[in-house]
Amino acid sequence: MTVWSLHKIESAPKSKLRHGFDRAVTVLPILFIALLIAQYKLVPNFEKYAANPLAFPITDTLTALAAVFGVALIAYFIVSLFNEKIYEKLLSKSPLYCVVTLLFIVYDHATLKTGSLPLPYFPWVDRVLSAIVDDRAMLLDCTKNSLILLFTGYVVGVAAGLITGIGAGWSGAFRYWVSPLIKVLGPIPSTTWMPIILI
């Protein structure tokens with residue numbers, strides 16, 4: 001099949017059955033989020049975690065986040081009923097939303113509900129989200145400091161490269177001394193330098 005024939009098939013008017021199927025696909029993420037919340041609330045937790053709530057605190061951070069996302073998806077769906085562009089976007093993103101929600105359901109079931117994946121190696125999703133909420137000030141500070149380091153290194157690297165490039169292009173004597181160094185260091189991939197720079 002050529003690209004032209006695929007484009008012709010895709011641009012052909014949709015049948016009522018196909019249109020109904022597409023509408024059902026746009027509703028699926030909302031149903032999956034409802035399934036995630038129901039699974040989190042209704043399926044009993046692993047006995048070890050349920051028996052000791054002080055050592056293994058279980059909050060409702062996951063359900064709150066899922067509910068907010070679900071309400072946003074419902075609003076998105078309602079708007080998509082009246083706007084074709086938004087409908088097409090929702091239709092293209094719906095499978096991704098379903099897969100991500102399904103992964104959360106499976107992972108939560110394997111960690112919190114059955115204990116198949118044990119702590120501390122596999123914390124359940126709610127525990128991770130609660131840690132993010134509780135430690136948000138420290139995480140924001142660490143993110144700020146990491147971005148400062150990143151951009152400082154980037155600016156220094158750009159300045160050094162720019163000065164070296166202009167100097168090598170402008171002056172033959174400068175190029176004479178820099179060229180052997182560039183020829184030796186140039187073929188070495190930048191990822192090879194990472195451990196040395198980190199040390």
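That block above? That's the structure.
These figures come from a predicted structure and were not determined experimentally.

Details of the pattern of salt bridges
Right, on to step 1. A full pass over the atoms with the stated rule returns three salt bridges.
Right, on to step 2. The salt bridge partner of Asp22 is Arg18, with a shortest N-O separation of 3.1 Å. Of this pair, Asp22 and Arg18 both sit in helix α2 (residues 16–42), separated by four residues, roughly a single helical turn.
Right, on to step 3. Owing to a relative accessible area of 3%, Asp22 belongs among the buried residues under this scheme.
Right, on to step 4. One salt bridge connects Lys41 with Asp60, and the closest N-O pair in it is separated by 2.9 Å. Taken together, the residues Lys41 in helix α2 and Asp60 in the loop between α3 (47–51) and α4 (61–80) connect sequence positions 19 residues apart.

With respect to the packing of aromatic side chains
Right, on to step 1. The final tally for this structure, using the stated rule, is five aromatic pairs.
Right, on to step 2. Here the aromatic rings of Tyr176 and Trp177 are separated by 5.2 Å at their centres, their planes lie at 85°, and the arrangement is edge-to-face. The pair formed by Tyr176 and Trp177 is uniform in burial state, with each residue classed as exposed.
Right, on to step 3. Taking the ring centre of Tyr40 as reference, the NZ or CZ of Lys113 above it sits at 5.0 Å.
Right, on to step 4. Between the NZ or CZ atom of Arg127 and the centre of the ring of Trp124, over which it lies, the distance is 5.4 Å.

Comments concerning the packing of α4 against helix α6 (residues 125–134)
Right, on to step 1. Relative to each other, α4 and α6 sit at 85°, their axes nearing to 8 Å. Regarding the angle of α4 to α6, the classification is roughly perpendicular. Along the contact surface, α4 presents Thr61, Leu62 and Leu65, while α6 presents Val125, Asp126, Leu129, Ser130 and Val133.

Criteria and cut-off values
Residues numbered from 1 in each chain as written. Predicted model: local features only at pLDDT ≥ 70, side-chain atom pairs only at ≥ 80, totals over all residues. Heavy atoms only, no water. Salt bridge = Lys/Arg side-chain N within 4 Å of Asp/Glu carboxyl O. Helix = DSSP H or I, 4+ residues; strand = E, 2+ residues; numbered from the N terminus. Buried < 20%, exposed > 50% of the residue type's maximum accessible area, 1.4 Å probe, protein only. Phe/Tyr/Trp six-rings, centres within 6.5 Å; stacked < 30°, edge-to-face > 60°. Lys NZ or Arg CZ within 6 Å of the ring centre and 35° of its normal. Axes fitted to C-alpha atoms, helices over the stretch in contact; angles between N-to-C directions. Parallel < 35°, antiparallel > 145°, perpendicular 65-115°, else oblique. Contact = heavy atoms within 4.5 Å.

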